[in-house]
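One-letter residues, chain by chain:
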Amino acid sequence: MAHTEQLLVEIRGALGQLSRTAQAERDSSRGAVARNLAATFSGVTDRGTLRDAARESLPLFRGGMGSFQDVGTAPMADAVERLHRALSRASQRW
């Protein structure tokens, strides 16, 4: 599997975990963010678009409305950290 495809699988898996966790915790805000990010990454097919989408998504981890700064539970922290790692790797030049 090509590097771009591997990263997309990783990001989509992390978004799935985030979505399931948000649903279980009745966190509609993070559920909406997960859906929006899933839509963003659904059309990604090449390295440049993947890198740009990842870079545009990373500000969610810096704070502000809809951010991932106050996760609250261990399952949500795990989902958010998994997504952050995947987006950080995808945002790198490789």
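In case you missed it, the structure is sitting above this.
Residues numbered from 1 in each chain as written. Predicted model: local features only at pLDDT ≥ 70, side-chain atom pairs only at ≥ 80, totals over all residues. Heavy atoms only, no water.

## As for the packing of helix α2 (residues 28–42) against helix α3 (residues 47–57)
Stage number 1. Put simply, α2 and α3 touch, their axes get as near as 10 Å, and they point 160 degrees apart. By the angle between their directions, the pair α2 and α3 is classed as roughly antiparallel. Between α2 and α3 lies a crossing of right-handed hand. Of the residues in α3, those in contact with Leu 37, Thr 40 and Phe 41 of α2 are Leu 50, Ala 53, Ala 54 and Ser 57.
Stage number 2. Of the residues contributing to the contact of α2 with α3, the split by class is five nonpolar, two polar and no charged. (Axes fitted to C-alpha atoms, helices over the stretch in contact; angles between N-to-C directions. Helix = DSSP H or I, 4+ residues; strand = E, 2+ residues; numbered from the N terminus. Parallel < 35°, antiparallel > 145°, perpendicular 65-115°, else oblique. Left-handed = near helix turned anticlockwise from the far one by under 90°. Contact = heavy atoms within 4.5 Å. Nonpolar A, V, L, I, M, F, W, Y, C, P; charged D, E, K, R; others polar.)

## A word on the environment of Phe 61
Stage number 1. Among the structural elements, Phe 61 can be located in the loop between α3 and α4 (74–91).
Stage number 2. In sequence terms Phe 61 and Glu 81 are 20 residues apart; their C-alpha atoms lie 9.4 Å from each other.

## As for helix α1 (residues 3–24)
Stage number 1. A rise of 1.5 Å per residue sets the reference length of α1, with its 22 residues, at 32 Å; its end C-alpha atoms lie 32 Å apart and thus fit the reference within 8%.
Stage number 2. All of the buried residues along α1 are Thr 4, Leu 7, Leu 8, Ile 11, Ala 14, Leu 15, Gly 16, Gln 17, Leu 18, Thr 21 and Ala 22.
Stage number 3. Lining the buried residues of α1 we find α2, α3 and α4.
Stage number 4. Positive backbone phi, at 55 degrees, marks Arg 26, one or two positions downstream of α1. (Expected span 1.5 Å × (residues − 1). Buried < 20%, exposed > 50% of the residue type's maximum accessible area, 1.4 Å probe, protein only.)

Functional significance is not addressed by these values, which are geometric in nature.
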